[in-house]
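Examining the three-dimensional arrangement
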Amino acid sequence: MAFPAMAQRTMRDFIITMPDSLVEYLNKTKRTEMVDFYDMGVKAETFNLLQGSTVLDSLTNTFADISVNKSQRMQLALLPLHEADTLICMVNSFLGEAPESEVHFFNTQWMPMPSKDFLDEVTASQLMQRPDTMTMERYDELVRFFDPVMIAAVMTPDSNLIFQLSTPMVTTEEKKQLDAIMLQKKFKWNRQRFN
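Within the largest apolar cluster, 31 residues are counted, with the highest numbers of intra-cluster contacts made by Val 103, Phe 105, Leu 161, Phe 163 and Phe 194. If near-sequence neighbours (up to four positions away) are discounted, Leu 161 is found in contact with Val 91, Val 103, Leu 119, Val 154, Met 155, Lys 185, Lys 186, Phe 187 and Phe 194. Of all hydrophobic cores here, the second largest spans 23 residues; its members include Ile 15, Val 35, Phe 106 and Trp 110.

Let us look at unusual backbone geometry. Here Asp 147 and Pro 148 are connected by a cis peptide whose omega angle stands at 5 degrees. Locating Pro 148 in the fold gives a position in the loop between helix H4 (136-143) and strand E8 (151-155). The backbone phi angle of Trp 110 is positive, close to 65 degrees, even though this residue is not glycine. Inspection of the secondary structure puts Trp 110 in the loop between strand E6 (99-106) and strand E7 (112-113). Taking relative accessible area as the criterion, Trp 110 reaches 5% and is therefore assigned buried. Residues other than glycine seldom take positive phi values, yet Arg 191 does so here, at roughly 75 degrees. Overall, Arg 191 belongs to the partly exposed group, its relative accessible area being 40%.

Our next topic: the sheet that holds strand E4 (residues 72-81). A sheet is described by the order of its strands in space; here seven strands give the open sequence E1-E2-E3-E4-E5-E6-E7, paired in antiparallel fashion. Only two strands of the sheet have a single partner each, and these edge strands are strand E1 (45-47) and E7. One ladder, built from six bridges, connects strand E3 (residues 63-69) with E4; its direction is antiparallel. Pairing of Ser 67 across the sheet is with Arg 73, part of E4. Contacting E1, strand E2 (53-59) and E3, helix H3 (residues 28-40) runs over the sheet at an angle of about 50 degrees to E2.

Attention now moves to the sheet that holds strand E10 (residues 185-188). Pairing is antiparallel in the open sheet, where three strands are placed in the order E8-E9-E10. Lying at the two open borders of the sheet, with one neighbouring strand each, are E8 and E10. Strand-to-strand twist in this sheet, taken as the mean axis angle between neighbours without regard to direction, amounts to 20 degrees. Bridge count for strand E9 (residues 160-165) against E10 is four bridges, and the pairing is antiparallel. If you follow Ile 162 over to E10, its bridge partner there is Lys 186.

Here we take up the pattern of salt bridges. Here the idea is simple: oppositely charged side chains can pair when their charged atoms come close. With the rule as written, the count across this model stands at nine salt bridges. Close ionic contact of Arg 31 with Asp 20 constitutes a salt bridge, the shortest N to O distance being 2.9 Å. Highlighted residues: Arg 31 in helix H3 and Asp 20 in the loop between helix H2 (11-17) and H3, separated in sequence by eleven residues. By relative accessible area, Arg 31 is classed as buried at 2%. Residue Asp 20 is classed as partly exposed on the basis of its relative accessible area of 35%. Of the charged contacts, one joins Lys 175 and Asp 179 as a salt bridge, the two residues approaching to 2.6 Å between their closest N and O atoms. Here Asp 179 and Lys 175 lie together in helix H5 (residues 172-179), a separation of four residues that amounts to about one turn. Of the residues examined, Lys 175 reaches a relative accessible area of 31% and is grouped as partly exposed.

Definitions and limits used
- Residues numbered from 1 in each chain as written.
- Predicted model: local features only at pLDDT ≥ 70, side-chain atom pairs only at ≥ 80, totals over all residues.
- Heavy atoms only, no water.
- Core = buried A, V, L, I, M, F, W, Y, C linked by side-chain atoms within 4.5 Å.
- Buried < 20%, exposed > 50% of the residue type's maximum accessible area, 1.4 Å probe, protein only.
- Contact = heavy atoms within 4.5 Å.
- Helix = DSSP H or I, 4+ residues; strand = E, 2+ residues; numbered from the N terminus.
- Pairing = 2+ DSSP bridges.
- Axes fitted to C-alpha atoms, helices over the stretch in contact; angles between N-to-C directions.
- Salt bridge = Lys/Arg side-chain N within 4 Å of Asp/Glu carboxyl O.

Put into structure tokens, the structure is as follows:
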């Protein structure tokens, strides 16, 4: 039976076996160097093929947090699936004026899996709420700031996904006002999907 061998594979193994196509300038040699540095207890930094710095910020048996470069963060989690399988969840966040994220799922051979099977689409309306003390007109006015809609996601080491709206190109004062209507939405993994 193949599962016991799979169960012994850790996030370290999956980082090394990740297809180069997922981060073209961070090949297997560079990824191996990075996890080796982490295991040695030194800064897990490597110079990627674009001569930029990539840092493995956190690594456990089931979770990794990687600063791919100044404008990209990648988080990986191994999720138990049903009785005897494992799913890889990848959160890619692009860090421009404000973060925007994509969530992808893979099997243990790094073959893409349909996201809709494991996570419902998260919409802007789920991440906003009008306080009782706010008029509808004022709420509608604030909602217009979220154009275009940008949604950021963060994976926690305990396999929770947290979503919130990003606020690009707003002043500090406008950001404070928008905070009044913004919600975070947290999804927990239940061995089948995020709920």
